[in-house]
Amino acid sequence: MKLIVGLGNPGDKYNNNRANIGFKILDVIANNINVEIKTKKKKSLIGRGDFEGEEVVLLKPQTFSDLSGESVLYIASFLKIQVQDILVIHEDWTLSLGKIVVDKGTPNGSDHPGVKSIVQSLRSPNFIRIRIGIGNGEFDETNRDGFLKEDFQPLENLSLIQIINDAEAAIRSISLGDIEDVIEKYRF
């Protein structure tokens, strides 16, 4: 069994925010495998189904992105899912819009607060990360939170369908192949 986690913030006002790309990708995966992410468990919404012949749990933490570790730890512990069987999808403002990077066990976790929270909660960085570029070349690091809470621009919205499809393809590759090959394919 694998746990696929999409990071984002709960609530309609955040739906199209840059920080919610993890939720968007998880919604598309759920739709494509005929799963509803609606079961409420410990500050989470989950759905269960089959993805490429393997049972998966799709998780949307409802703690806000920066505190995602609490939800991930609870669901992983409750379902007895090993750290190496957890995939976390999250935005990365340092990557250009649409760039996808897959890595595993990043020693210092990340500068992403939600990923840091997961590393601290699991006491391990040995999960798979699918980093989705949301950068637009105009980012000012002093306004990181403001940038992440911005909605995608109309022209960027046109690219989102392809970005989401590419992310789903990367996740399918992880399910079907050797993780080292996938990391090599989706690196900087």
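As recorded by an unreviewed UniProt entry, the protein chain carries the name Aminoacyl-tRNA hydrolase and is attributed to Leptospira perolatii.

Draft legend 1. View of the overall build of the protein chain. The number of helices and strands found in the protein chain is six helices and seven strands. Helices and strands in the protein chain line up, N terminus first, as β-α-β-β-β-α-β-β-α-β-α-α-α. For a compact globule of 188 residues, the expected C-alpha radius of gyration is about 16 Å, and the protein chain comes in at 15 Å, within 12% of that figure. For the protein chain, the C-alpha atoms occupy an extent of roughly 40 × 35 × 35 Å along the three principal directions. Residues counted as buried form 53% of the 188 residues belonging to the protein chain. Expressed as a percentage of contacts within the protein chain between residues at least 6 apart in sequence, the contacts between residues at least 24 apart total 69%.

Draft legend 2. Expanded view of the nonpolar core. If you look at the biggest cluster of nonpolar residues, it comprises 37 residues, and the most contacted ones within it are Ile25, Leu58, Val102, Ile130, Ile132 and Ile171. The biggest single contributor to this core is helix H5 (residues 154-176), with seven residues. Sequence-distant contacts of isoleucine 130, that is, excluding residues within four places in its chain, are made with Leu87, Val88, Ile89, His90, Ile100, Val101, Val102, Ile171 and Ile174. Counting residues in hydrophobic clusters, the runner-up holds 19 residues, among them Leu7, Ala76, Val115 and Leu122.

Draft legend 3. Just the environment of lysine 2, in detail. By the element assignment, lysine 2 lies in strand S1 (residues 2-6). Given the relative accessible area of 13%, lysine 2 is considered buried. Spatially, the C-alpha atoms of lysine 2 and glutamate 55 are 6.6 Å apart, while their sequence positions differ by 53 residues. One polar contact links lysine 2 to aspartate 85, side chain to side chain, over a distance of 3.4 Å.

Draft legend 4. Representation of unusual backbone geometry within the structure. Residue asparagine 34 is not a glycine yet carries a positive backbone phi of 65 degrees. Within the secondary structure layout, asparagine 34 lies in the loop between helix H1 (21-32) and strand S2 (39-40). A positive phi angle, near 60 degrees, is found at lysine 80, a position not held by glycine. Looking at the secondary structure, you find lysine 80 in the loop between helix H2 (68-79) and strand S5 (86-96).

Draft legend 5. Local environment of the pairing of strand S7 (residues 128-135). In terms of burial, S7 is largely enclosed, as eight of its eight residues are buried. Where burial is concerned, the two faces of S7 agree: the one with Ile128, Ile130, Ile132 and Ile134 and the one with Arg129, Arg131, Gly133 and Gly135 are both buried. Pairing analysis gives seven bridges linking S5 to S7, with the strands arranged parallel. Looking at the pairing, aspartate 92 lines up with glycine 133 of S7. As defined by bridge partners, strand S6 (residues 100-104) adjoins S7 across five bridges and the pair is classed as antiparallel. Looking across to S7, one finds that valine 101 is bridged to arginine 131.

Draft legend 6. Expanded view of the pattern of salt bridges. Counted according to the given criterion, the structure contains 14 salt bridges. For the salt bridge of arginine 187 with glutamate 184, the shortest nitrogen-to-oxygen distance reads 3.4 Å. Arginine 187 gets classed as partly exposed once you look at its relative accessible area, which sits at 43%. Shared partners join several salt bridges into a network, and the residues in it are Asp92, Asp103, Arg129 and Arg131.

Draft legend 7. Main features of the packing of H1 against H5. Direction vectors running N to C along H1 and H5 enclose 70 degrees, while the axes themselves pass 10 Å from each other. The orientation of H1 with respect to H5, classified from their angle, is roughly perpendicular. Regarding H1 and H5, the two cross each other, and that crossing is right-handed. The residues of H5 that touch H1, namely those facing Ile21, Lys24, Ile25, Val28, Ile29 and Asn32, are Leu160, Ile164, Ala167, Glu168, Ile171 and Arg172. Class assignment of the residues belonging to the contact of H1 with H5 gives a composition of eight nonpolar, one polar and three charged.

About the thresholds
By convention here, each chain's residues receive numbers from 1 onward along its written sequence. Reporting of local features is limited, given that this is a predicted model, to residues whose pLDDT is at least 70; pairs of side-chain atoms are given and counted only at 80 or more, and all residues count toward the totals for whole chains, interfaces and linings. Water and hydrogen atoms were dropped before computing side-chain values, which therefore reflect all heavy atoms in the structure. Numbering of helices and strands runs from the N terminus; a helix is a DSSP stretch of H or I covering at least four residues, while a strand is a stretch of E covering at least two. Values of the radius of gyration come from C-alpha atoms, whereas the globule rule sets the reference at 2.2 Å times the count of residues to the power 0.38. The buried label applies to any residue whose accessible area, calculated with a 1.4 Å probe on protein chains only, is under 20% of its type's maximum; exposed applies above 50%, and partly exposed to all values in between. Contacts are assigned to residue pairs that have any heavy atoms within 4.5 Å of one another. Residues enter a nonpolar core if they are buried and are Ala, Val, Leu, Ile, Met, Phe, Trp, Tyr or Cys, with the set joined through side-chain atoms within 4.5 Å. Polar contact is the term for a pair of N or O atoms within 3.5 Å; when the atoms are in protein, one must be able to donate a hydrogen and the other to accept it, and sequence-neighboring residues count only if both atoms are side-chain atoms. Should DSSP find at least two bridges between two strands, the strands are regarded as paired. When a carboxyl oxygen of Asp or Glu lies within 4 Å of a side-chain nitrogen of Lys or Arg, that pair is called a salt bridge. To get an axis, fit a line to the C-alpha atoms, keeping to the stretch in contact for a helix; angles then go from 0 to 180 degrees between the N-to-C directions. Angle categories are assigned with fixed cut-offs, so that under 35 degrees is roughly parallel, over 145 is roughly antiparallel, 65 to 115 is roughly perpendicular, and the rest are oblique. For any pair of crossing helices, the crossing counts as left-handed if the nearer helix is rotated counterclockwise from the farther one by less than a right angle, and right-handed if it is rotated clockwise. Note that Gly is not counted as nonpolar here; it falls among the polar residues with everything else outside the nonpolar set of Ala, Val, Leu, Ile, Met, Phe, Trp, Tyr, Cys and Pro and the charged set of Asp, Glu, Lys and Arg.

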